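One-letter residues, chain by chain:
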Amino acid sequence: MAASLKGNNRLSLAMERTGQWVFSQEIPTDVVVEVGEAKLSLHKFMLVAKSNYIRKMIMESNEADLTRIDLSDIPGGPEIFEKAAKFCYGVNFEITVHNVAALRCAAEYLQMTDKYCDGNLAGRTEDFLQQVALTSLSGAVVVLKSCEDLLPMAEELKIVQRCVDVASIKACHEANFPSRSPPNWWTEELSILDIGFFEKIIVAMKSRGSKSLTVASTLIAYTERTLRDLVRDHTGNGIKSSSSLESDDSDLRVRQRDLLEAIVALLPSERAALPINFLCCLLRSAIYLKSASSCKNELEKRISVILEHVTVDDLLVLSFTYDGERLLDLDSVRRIISGFVEKEKSVAVFNGGDFREVCSTAMQRVAKTVDAYLGEIATYGEFSISKFNGIANLVSKEARKVDDDLYRAIDIYLKAHPNLDEIEREKVCSVMDPLKLSYEARVHASQNKRLPVQIVLHALYYDQLKLRSGAEDPAHDAMSTRSQVQADVSLVRENEALRAELMKMKMYVSDMQKNSSAGGGGGGGGGKGLGGGPKKPTFFSSMSKTLGKLNPFRHGSKDTSHIDDGPAVDVTKPRRRRFSIS
């Protein structure tokens, strides 16, 4: 509304000014020129003297006396036609870098060329372009910006191409030999352009051999200006305040998606030219805008190449929505880490080494970052065990010298998910090697009630082994330690099963004693009935077989009379009672 009122005010002022210098001729007007909503009363002979287009319209008209001409299609609209009419009347006006392209197009439209009349408007504007506008980077960029509303005529007149050539040449020169401070001032100048013209300049700079870092800095400045809410604003306030983004197909989101995909297509071929935090911001924007898969895959590949420079904050940028309240799909993070691991494996094989034995410094750095990243996102309820283990297992265990950071992430996860059962907690802990914990971490693990029993036994047994061996870190006994701990855990479980069976046996014997005493008080008939029951020996024989299978010392002596588990239970007692009754 405000824009339309402002436009109407400009039209009224233009008509008022036009009326002043037209009526000053003291000759009645004989034609009305309509340009959109503006109507200007002018003289035919003044217009015909400079414009061959208007002369042809008057001569070819079927009307005997043409009094109305429609020029609504003229480039630049009413304001530019007013200046062209002033030129026809010989009234002075200022040609600037902002209006020279529109005046040149209007002169071509009205056929106000030097072929029709010497010193015409077309020649004047061409002189200004060559001598003033296209002598500097700023002037070329402003003229190019004004051409956005003058297509396709501005391209037909080669104005766009001349501006692109000048801007690209000046930009390459400024990148190598800065003429003012700050040295990258020219990147801000280029960022005012539409993506179509900006793309032309970047392509021209690449063809002139511009460095990848120069192109990268230009793209960063342009992206931060055109996608400010997506790239710079990490709080999500700018996103929430725009209700038009609620729909995936909103006009703003479609424009931003097209703009982002065009920027990604312009990235330099050297993948390490761009900082990784900028690439992470671009990828998060691509995920949010639901860009094409090719766009997201290109960004993921670029990030994986330089993943050793990633920080936890960079990975967190990829993991959360703009409001920071929920996790995004972590598939992008998994693909990035997996791509980096595959690259490291390829390098190790190419160098003739074994990736499982020797890990590069970059791989160890990434492993430490991934463990810290897991600790940051472990508190979110929608982070499942499979996703946690999936990301942790992407990094090989050989890449971790110590598992302290991974243990911290596991402890945070178990604390944030208190309803996990023993099996689920064991699954979470399966990604960690307890024997690679530092002494402080093992002490903490041995007292951690959230950990499953097996992990606690690992920590305790390893410390005992260290004390016996007197070594600082007996890595050579790691395999025997693991096997011994596994045997101990198995024995603990068998003992628990045996204890349960013994308790059942004890309860059954107690019931039998109660029944026997009750039967003895009732008479001898009860004893005869018990003696005639054929099922009693079958039960005790089956129980003896069960206890024999559960006996942890079944490979040694078969005498189990020395087992003491709480109150003494004589397992031979039922057999003696059977003989006495019979």
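Keep in mind the model is a prediction, meaning the values are calculated, not measured. (Residues numbered from 1 in each chain as written. Predicted model: local features only at pLDDT ≥ 70, side-chain atom pairs only at ≥ 80, totals over all residues. Heavy atoms only, no water.)

**So, the overall build of the protein chain**
Broken down by element type, the protein chain carries 29 helices and three strands. Within the span of the protein chain, comprising 582 residues, buried residues form 42% of the whole. Sequence-distant contacts in the protein chain: of pairs separated by 6 or more residues, those separated by 24 or more amount to 70%. For the protein chain, the exposed area adds up to about 31200 Å²; of that, 53% sits on carbon and sulfur atoms. (Helix = DSSP H or I, 4+ residues; strand = E, 2+ residues; numbered from the N terminus. Buried < 20%, exposed > 50% of the residue type's maximum accessible area, 1.4 Å probe, protein only. Contact = heavy atoms within 4.5 Å. Areas by Shrake-Rupley, 256 points an atom, 1.4 Å probe, with all protein chains shown as cover.)

**Considerations on the confidence of the model for the protein chain**
Averaged over all residues, the pLDDT of the protein chain equals 79, while 72% of them reach at least 70. Contacts for the low-pLDDT stretch residues 522-537, under 50 throughout, to residues beyond four places or in other chains number six contacts. (pLDDT = per-residue confidence, 0-100.)

**A closer look at the side chain of Ser210**
Along the chain, the position of Ser210 falls in the loop between helix H11 (195-207) and helix H12 (212-226). Sequence-distant contacts of Ser210, defined by excluding residues within four places in its chain, comprise Cys172, Met205 and Val215.

**What about the state of the cysteines?**
Simply put, the disulfide is a covalent bond whose two ends are the sulfur atoms of two cysteines. Enumeration according to the criterion identifies zero disulfides in this entry. Not part of a disulfide, Cys88 finds its nearest cysteine sulfur in Cys117, a span of 9.2 Å. The cysteine Cys105 is free of any disulfide, with Cys147 supplying the nearest cysteine sulfur at 6.4 Å. (Disulfide = S-S within 2.5 Å.)

**Some thoughts on the side chain of Ser168**
With respect to the element layout, Ser168 can be found in helix H9 (residues 159-176). Among the polar contacts made by the side chain of Ser168, one reaches the side chain of Arg208 at a distance of 3.0 Å. Not counting the four nearest positions on each side in its chain, Ser168 is found in contact with Ile201, Ala204, Met205 and Arg208. (Polar contact = N/O pair within 3.5 Å; in protein donor to acceptor, adjacent residues only side chain to side chain.)

**Describing the pairing of strand S1 (residues 31-35)**
In terms of burial, S1 is largely enclosed, as four of its five residues are buried. Connecting S1 to the next strand, strand S2 (residues 38-42), in antiparallel fashion are two residues, including Gly36 with a positive phi near 65°. As judged from the three bridges shared by S1 and strand S3 (residues 68-70), these two strands associate in the parallel manner. Its bridge partner lying in S3, Glu34 is registered against Asp70. (Pairing = 2+ DSSP bridges.)

**Structural notes on the pattern of salt bridges**
Summed over the entire model, instances satisfying the criterion amount to 13 salt bridges. A salt bridge links Lys86 to Glu82, with the nearest nitrogen and oxygen atoms 3.6 Å apart. With a gap of four residues between them, Lys86 and Glu82 both fall in helix H4 (residues 77-89), about one helical turn apart. The two residues Lys86 and Glu82 agree in class, both being buried. We note a salt bridge from Asp405 to Lys368, for which the minimum N-O separation is 2.9 Å. In this pair, Asp405 is assigned in helix H22 (residues 404-416) and Lys368 in helix H20 (residues 361-377), connecting sequence segments 37 residues apart. A cluster of three or more residues bridged by salt bridges with shared partners is formed by Arg104, Glu108, Glu126 and Arg162. (Salt bridge = Lys/Arg side-chain N within 4 Å of Asp/Glu carboxyl O.)

**So, the packing of helix H16 (residues 276-289) against helix H17 (residues 293-305)**
Running from amino to carboxyl end, H16 crosses H17 at an angle of 155°, the nearest separation of the two axes being 10 Å. Taken together, H16 and H17 sit at an angle that is classed as roughly antiparallel. The way H16 lies across H17 gives a crossing that is left-handed. For the pair H16 and H17, the contacting residues are Ile276, Leu279, Cys280, Leu282, Leu283, Ala286 and Ile287 in the first and Cys295, Lys296, Leu299, Glu300, Arg302 and Ile303 in the second. Classifying every residue of the contact of H16 with H17 gives ten nonpolar, no polar and three charged. (Axes fitted to C-alpha atoms, helices over the stretch in contact; angles between N-to-C directions. Parallel < 35°, antiparallel > 145°, perpendicular 65-115°, else oblique. Left-handed = near helix turned anticlockwise from the far one by under 90°. Nonpolar A, V, L, I, M, F, W, Y, C, P; charged D, E, K, R; others polar.)

**Remarks on the environment of Leu259**
Looking at the secondary structure, you find Leu259 in helix H15 (residues 251-265). Distance from Leu259 to Thr226, taken between C-alpha atoms, is 8.4 Å for residues 33 residues apart in sequence. Apart from residues lying up to four places away in sequence, Leu259 is in contact with Ile195, Tyr222, Thr226 and Leu227.

**Thoughts on the packing of aromatic side chains**
What describes a pair of aromatic rings is the distance from one ring centre to the other and the angle between the planes of the rings. Scanning the model with the defined rule gives five aromatic pairs in all. Among the aromatic residues, ring-to-ring pairing joins Phe383, Phe388 and Tyr413 into one connected group. (Phe/Tyr/Trp six-rings, centres within 6.5 Å; stacked < 30°, edge-to-face > 60°.)

**Description of unusual backbone geometry**
Geometrically, the link from Leu151 to Pro152 is a cis peptide bond, its omega value of 5° lying close to zero. Note that Pro152 resides in the loop between helix H7 (137-146) and helix H8 (153-156). In this structure, the amide linkage connecting Ser181 to the following residue, Pro182, adopts the cis form with an omega of -5°. Structurally, the position occupied by Pro182 is in the loop between H9 and helix H10 (185-190). With a phi close to 65°, Lys158 is a non-glycine residue in the positive phi region. For Lys158, the location among the structural elements is in the loop between H8 and H9. With a relative accessible area of 52%, Lys158 lands in the exposed category. Positioned with a positive phi, Lys290 is a non-glycine residue whose angle comes to about 60°.

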